[in-house]
Amino acid sequence: MTMKHVINKNGKYDLADITPVYEENYNRGYIGFCYDQTSFVSQAVAQTTKYCNYSNIKVSHALIVVSKDTCVEADANSKKVIEAPLSKYFDNENKIISFRKPKESDDVVAGEIVELAKSKIGCGYEYAEILGHLGKSLPGINQFNKFTYNVFVDMISCLIDNKDKFICSELTAYSLKYAQSRSYGNKGILSRITTRVNPQELFEDRTIFKEWEMETVNE
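Our subject in this report is the structure included herewith.

Let's shift gears to the pattern of salt bridges. Counted by the stated rule, this structure contains eight salt bridges. The salt bridge partner of glutamate 115 is arginine 28, with a shortest N-O separation of 3.8 Å. Here the residue glutamate 115 occupies a position in helix 3 (residues 107-118), and arginine 28 occupies one in the loop between strand 2 (12-18) and strand 3 (31-36), the gap between them amounting to 87 residues. The exposure class assigned to glutamate 115 is partly exposed, which follows from its relative accessible area of 44%. By sharing partners, the salt bridges in this structure join Glu104, Asp106 and Arg182 into a single network.

Glancing now at the side chain of serine 55. Counting through the fold element by element, serine 55 comes out in the loop between helix 1 (40-48) and strand 4 (61-67). Setting aside residues no more than four positions away along its own chain, serine 55 makes contact with Tyr13, Gln200, Phe203 and Glu204.

With that settled, consider the state of the cysteines. Across all of its chains, the model carries zero disulfides by this definition. Looking at the unpaired cysteine 34, the closest cysteine sulfur is the one in cysteine 71, lying at 7.6 Å. A residue is classified by how much of its surface remains accessible, and cysteine 71, at 0% relative accessible area, is buried.

Position of serine 169 among the secondary structure elements: in helix 7 (residues 168-177). Setting aside residues no more than four positions away along its own chain, serine 169 makes contact with Ala62, Val197, Asn198, Pro199 and Leu202.

Moving on, we get to the sheet that holds strand 10 (residues 216-217). On the basis of which strands lie adjacent, the open sheet formed by three strands has the order 2-1-10 and mixed pairing. With one partner strand each, in any of the chains shown, strand 2 and strand 10 form the two edges of the open sheet.

Another point: the nonpolar core. Where a protein is soluble and globular, its nonpolar side chains tend to be buried together. One finds Phe33, Leu176, Leu190, Leu202 and Ile208 to be the most contacted residues of the largest nonpolar core, which totals 35 residues. Counting residues per element, the ones that place at least two in this core are strand 3, strand 4, strand 5 (70-75), helix 3, helix 7 and helix 8 (199-204). Leaving out residues up to four positions away in the same chain, leucine 190 has contacts with Ala173, Leu176, Lys177, Tyr184, Gly185, Leu202 and Ile208. One finds Cys34, Cys71, Tyr89 and Phe90 within the second-largest nonpolar core, a separate group that totals 14 residues.

In terms of burial, strand 7 (residues 95-100) is largely enclosed, as five of its six residues are buried. Two strands pair when backbone bridges link them, and strand 3 and strand 7 are joined in this way by six bridges, in the antiparallel orientation. The residue of strand 7 that forms the bridge with tyrosine 35 is isoleucine 96.

What follows is about the packing of helix 3 against helix 7. The interhelical angle for the contact between helix 3 and helix 7, taken along N-to-C directions, is 135°, at an axis separation of 8 Å. Here helix 3 is positioned oblique relative to helix 7, judged by the angle of their axes. Note on packing geometry: the crossing formed by helix 3 with helix 7 is right-handed. In this structure, helix 3 contributes Ile113, Leu116 and Ala117 to the contact, and helix 7 contributes Leu171, Tyr174, Ser175 and Leu176. Along the lines of polarity and charge, the residues of the contact of helix 3 with helix 7 split into six nonpolar, one polar and no charged.

Rules behind the numbers
- Residues numbered from 1 in each chain as written.
- Predicted model: local features only at pLDDT ≥ 70, side-chain atom pairs only at ≥ 80, totals over all residues.
- Heavy atoms only, no water.
- Salt bridge = Lys/Arg side-chain N within 4 Å of Asp/Glu carboxyl O.
- Helix = DSSP H or I, 4+ residues; strand = E, 2+ residues; numbered from the N terminus.
- Buried < 20%, exposed > 50% of the residue type's maximum accessible area, 1.4 Å probe, protein only.
- Contact = heavy atoms within 4.5 Å.
- Disulfide = S-S within 2.5 Å.
- Pairing = 2+ DSSP bridges.
- Core = buried A, V, L, I, M, F, W, Y, C linked by side-chain atoms within 4.5 Å.
- Axes fitted to C-alpha atoms, helices over the stretch in contact; angles between N-to-C directions.
- Parallel < 35°, antiparallel > 145°, perpendicular 65-115°, else oblique.
- Left-handed = near helix turned anticlockwise from the far one by under 90°.
- Nonpolar A, V, L, I, M, F, W, Y, C, P; charged D, E, K, R; others polar.

Laid out in structure tokens, this is it:
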């Protein structure tokens, strides 16, 4: 039963094994970030979002911690938002999972994040949105979006968005953005509309989440 934590390995970010201990290194309202080393879909998502990978740590999925062994996630296999066991990540050596704590989170904020996520259980999975993220990753489109400050891609996203369907990062961003006790919604990547947030850029955000407590490893 393992999870990962961030280390500084010779000046670069890396992940190291650690035993998951609830309320110590992960907790209610934390955001889990995952990568499946044997999944073609996971590899494709990581490849598609590599343009916003600054840490050199791959992630392809995001979820919200509900309790010691449960999470809420938008799951492509189930085709909907579900409550699922965290053990499927902790007990599978091919699935890498690490957690980030929202800044200034407490029991109230964590409860709000969780309840927002749980309110969407049963909603469908937004496959069309995946195509939008694939298009956004194309070099020409990506540069155009940067040049126009994402105005056009955000406008199109709003027009085609199905508010009863989610992908993993959209659900996670939504749950953070609308937590009333903290104004995460106008900070960092959450200043964007939630449909346009992918798992990698959410993981990389230094504004929403508490800084990594890194250990230095010299070889």
